[in-house]
Amino acid sequence: MASQTQGIQQLLAAEKRAAEKVSEARKRKAKRLKQAKEEAQDEVEKYRQERERQFKEFEAKHMGTREGVAAKIEAETKVKIEEMNKMVQTQQEVVIQDILQLVYDIKPELHVNYRID
């Protein structure tokens, strides 16, 4: 009986050691997965920053700075407004005369739907 009890004790101890090894293996696997995930996130972040830097270089090279673009648009807008104001000044008198002529030249007529019974 003692040998059976000793055998059972050895089996239990072996099972305990095996469970500990499995537990340690799972912990190492979880640690490796976490480390791999962090490394992948770092790599993605570095890639994103590199692409952002490349885009800003491209933007600066082809479009200029945002302040430069805004100043260019502002200047173009001022020129267009000045042109429109000049056109208004040159055509203002003619348009006023045309409108007054239409207002003064009244031709009384009966409406086409008016019936005299």
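Anything mentioned here points back to the structure above.
Criteria and thresholds
- Residues numbered from 1 in each chain as written.
- Predicted model: local features only at pLDDT ≥ 70, side-chain atom pairs only at ≥ 80, totals over all residues.
- Heavy atoms only, no water.
- Helix = DSSP H or I, 4+ residues; strand = E, 2+ residues; numbered from the N terminus.
- Rg over C-alpha atoms; globule rule 2.2 N^0.38 Å.
- Buried < 20%, exposed > 50% of the residue type's maximum accessible area, 1.4 Å probe, protein only.
- Areas by Shrake-Rupley, 256 points an atom, 1.4 Å probe, with all protein chains shown as cover.
- Salt bridge = Lys/Arg side-chain N within 4 Å of Asp/Glu carboxyl O.
- Patch = residues over 30% accessible without salt bridge, like charges linked within 9 Å, V, L, I, M, F, W, Y side chains within 5 Å.
- Lys, Arg positive; Asp, Glu negative; His and termini not counted.
- Charge placed at Lys NZ, Arg CZ, Asp CG, Glu CD.

Draft legend 1. Representation of the overall build of the protein chain within the structure. In terms of helices and strands, the protein chain carries 2 helices and 0 strands. What you see for the protein chain is a C-alpha radius of gyration of 44 Å, clearly larger than the 13 Å of a compact globule of 117 residues, by over 25%. A buried classification covers 1% of the 117 residues belonging to the protein chain. As displayed, the protein chain offers around 12,000 Å² of accessible surface, 57% of which is attributable to carbon and sulfur atoms.

Draft legend 2. Examining the pattern of salt bridges more closely. Applying the stated criterion across every chain yields a total of 4 salt bridges. The salt bridge involving Glu52 is made with Lys56; its shortest N-O contact spans 3.7 Å. One end of the pair is Glu52 and the other is Lys56, both in helix H1 (residues 2-63) and 4 residues apart, which spans about a single turn. For Glu52, a relative accessible area of 35% corresponds to the partly exposed category.

Draft legend 3. A look at a negative patch on the surface. A cluster of acidic side chains, namely Glu38, Glu39, Asp42 and Glu43, defines a negative patch on the protein surface. A residue is classified by how much of its surface remains accessible, and Glu43, at 59% relative accessible area, is exposed.

Draft legend 4. View of a nonpolar patch on the surface. A cluster of nonpolar side chains, namely Val95, Ile96, Ile99, Leu100, Val103 and Tyr104, defines an oily patch on the protein surface of about 550 Å² accessible area. Along the polypeptide, Val103 turns up in helix H2 (residues 66-104).

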